[in-house]
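Structural features, examined
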Amino acid sequence: MLETGLATTMARNLLRQSYIKSLCASQKKSHKAVLNPGTWRCQHSKTAPREMSGVMKAWQIRRYGGNDELMWSESVRVPRIVHPEDVLVAVNAASLNMLDIRMREGYGNVMINTVRNRDRLHAPQSEFPLILGRDFSGTVLKTGMRVKKIKVGDKIWGTVSPFRQGSHAEFTVTSESQVSLRPPSLTDVEAASLPYVVSTVMTALCDVGELKQSNTANKRVLIYGGSGGIGTFAIQLMKAWGAIVTTTCSTDAVSLVTSLGADYVIDYKTQNVQQELRNMKGYDLILDVHGGVDFSFDLLKKWNNSKLVTIKTPFLQNTDDYGILPGLLRSGANLTANILQGLKDGRSYRWAMFKPSRKHLQTVRQMIKRDEIKPVIDNVFPFLEADRAYEKMEEGHARGKNVITMCT
């Protein structure tokens, strides 16, 4: 992967992009309305004949802001299959991610709305009401005509593109390329905790960082923020592939990240992180989760093709602040400056972001079968109390993932 082309690649990636009885007993018949089959079906879809609800329950926002913008509704129209690769899913559980908090506040709305309107993924010119939620575990209810790898009734896990209505609802529509069969050993709650972090971490470490099972053994990897959803998965992935892992966390999370396999743990509440890291050997790869760690680049090994990969990029924020074209140009300038910083000594600075991937989900499904990856869950919230899950997420210091379940 050419470093000088990374900004262009990210822009391109951004711009292209069972049954009813399996739902919980808490979903009451009084909220189900039989939809006229002629209205429900479209030329792009195939579905088994069954009674469908025309409306659903969901959490929505009608403008950007804080947690008080979240609204509970029991009369949201069930999303439709728009493209032949689409899949309609009954959501059994969904997780909370920091991206949900940031999107609730308006992060990325300029770029996201541009793509959303171009691809008609919402009602024409409609930004609100908006359903958040980027991953889920659920049951396939209906598929587009080109869907081949899954079928109605399959239990799946997957992600929902930021350009679509999200998974904090009874039903969601996503693309076949963003889902796979759910690991059979996991519950819906456990499965829902992973797809977003799988896609984000493996994009960063594998697609951008160029690590894979065959080349990771004995590589020195530093993962900031080891106790959160991103960190707990990244530690397990790197250890399964044989890396030597260092991570940071607070005092009460040391035992957790150690149990996940971290070789070296730095407690940022009782230790000087910068000093401790400088006292160690250099790193082959650093995963920057939070951004703003100014000394990190100096921790990379010189002349070793070492990489600092950050998932806290200015890409979408630049388009929010300056518009599409000026924002892209500014991001390109930012990345070029970062790249030039490392050219003199064989190190590189790279950007990564959440990119849905069926391939990565399938890889992790096999790792779960081999007991190499385990879900780490902080709290589980009933669907009706999803606003509490947002509050918990906003407090920070999560120990794994916060998950919403449709069951009570």
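Predicted model, so just to flag it, every value in this text is computed and none were measured. (Residues numbered from 1 in each chain as written. Predicted model: local features only at pLDDT ≥ 70, side-chain atom pairs only at ≥ 80, totals over all residues. Heavy atoms only, no water.)

**A word on the overall build of the protein chain**
- For the protein chain, the count of helices and strands is 13 helices and 16 strands.
- The 408 residues of the protein chain split such that 56% are buried.
- Roughly 17,400 Å² of accessible area belongs to the protein chain as shown, and the carbon and sulfur atoms make up 51% of that amount. (Helix = DSSP H or I, 4+ residues; strand = E, 2+ residues; numbered from the N terminus. Buried < 20%, exposed > 50% of the residue type's maximum accessible area, 1.4 Å probe, protein only. Areas by Shrake-Rupley, 256 points an atom, 1.4 Å probe, with all protein chains shown as cover.)

**Some words on the pairing of strand β14 (residues 347-351)**
- A large share of β14 lies buried, amounting to five of its five residues.
- Of the two faces of β14, both are covered, the one formed by Arg347, Tyr349 and Trp351 as well as the one formed by Ser348 and Arg350.
- Pairing of strand β13 (residues 306-310) with β14 involves five bridges; the strand directions are parallel. In the strand pairing of β14, valine 309 is matched with arginine 350. (Pairing = 2+ DSSP bridges.)

**Structural notes on the side chain of aspartate 135**
- Secondary-structure assignment places aspartate 135 in strand β5 (residues 135-144).
- Look at aspartate 135 and you get buried, because its relative accessible area is 0%.
- There is a polar contact of 3.0 Å between the side chain of aspartate 135 and the backbone nitrogen of tyrosine 196.
- Other than its neighbours up to four places away in sequence, aspartate 135 contacts Ala94, Ser95, Asn97, Gly158, Thr159, Ser167, Ala192, Leu194, Pro195, Tyr196 and Lys401. (Polar contact = N/O pair within 3.5 Å; in protein donor to acceptor, adjacent residues only side chain to side chain. Contact = heavy atoms within 4.5 Å.)

**Quick notes on helix α12 (residues 358-369)**
- If you check α12, its first and last C-alpha atoms are 17 Å apart, about what 12 residues at 1.5 Å a residue would give, namely 16 Å.
- Residues of α12 that are buried make contact with β6 (155-159), β8 (179-181), α6 (195-208) and α7 (229-240).
- At the N-terminal boundary of α12, the capping side chain belongs to serine 357, with an oxygen 3.4 Å from the backbone nitrogen of lysine 359.
- Directly beyond the C-terminal end of α12, a positive phi value near 65° is found at aspartate 371. (Expected span 1.5 Å × (residues − 1).)

**Some remarks on the sheet that holds β13**
- The strand order across the open sheet built from six strands is β11-β10-β9-β12-β13-β14, with neighbouring strands paired in parallel fashion. The sheet is open, and its two borders are formed by β11 (264-267) and β14, each paired with just one other strand. For this sheet, the mean inter-axis angle between neighbouring strands, taken without regard to orientation, is 15°.
- Where strand β12 (residues 285-288) and β13 come together, four bridges link them in parallel fashion. Bridging across to β13, isoleucine 286 finds its partner in leucine 308.
- Contacts between α7 and the sheet are confined to β9 (220-223), β10 (244-249) and β12, with β9 contributing the most and set at about 170° to the helix. (Axes fitted to C-alpha atoms, helices over the stretch in contact; angles between N-to-C directions.)

**Considering the side chain of serine 306**
- Note that serine 306 resides in strand β13.
- Given the relative accessible area of 0%, serine 306 is considered buried.
- Beyond its immediate chain neighbours, meaning those up to four positions away, serine 306 contacts Tyr283, Asp284, Leu300, Lys301, Gly346, Arg347 and Ser348.

**Observations concerning the packing of aromatic side chains**
- Evaluated as defined, the whole model comprises four aromatic pairs.
- Residues tyrosine 64 and phenylalanine 128 carry aromatic rings whose centres are separated by 4.8 Å and whose planes lie at 65° to one another, so their mutual orientation is edge-to-face. Placement of tyrosine 64 in the loop between β2 (55-60) and β3 (71-77) and of phenylalanine 128 in the loop between α4 (109-119) and β5 is noted, with a sequence separation of 64 residues between them.
- When the ring of tryptophan 72 is compared with that of phenylalanine 383, the centres are 5.1 Å apart and the planes differ by 70°; the resulting orientation is edge-to-face. (Phe/Tyr/Trp six-rings, centres within 6.5 Å; stacked < 30°, edge-to-face > 60°.)

**A look at the packing of α6 against α7**
- Running from amino to carboxyl end, α6 crosses α7 at an angle of 60°, the nearest separation of the two axes being 9 Å. The angle between α6 and α7 places the two elements in the oblique class. Seen along the crossing, α6 lies across α7 with a hand that is right-handed. In this structure, α6 uses Tyr196, Val197, Val198, Thr200, Val201, Met202 and Leu205 to contact α7, whose residues at the interface are Gly229, Ile230, Phe233, Ala234, Leu237 and Met238. (Parallel < 35°, antiparallel > 145°, perpendicular 65-115°, else oblique. Left-handed = near helix turned anticlockwise from the far one by under 90°.)

**As for unusual backbone geometry**
- With omega at -5°, the peptide bond leading from phenylalanine 128 into proline 129 counts as cis.
- Mapped onto the elements of the fold, proline 129 is located in the loop between α4 and β5.
- Despite not being glycine, asparagine 305 shows a phi value in the positive range, around 55°.
- Mapped onto the fold, asparagine 305 is located in the loop between β12 and β13.
- Backbone geometry at histidine 397 places phi at a positive 60°, although glycine is not the residue there.
- Within the fold, histidine 397 resides in the loop between α13 (386-395) and β16 (401-405).

Coordinates in, geometry out; function isn't part of it.
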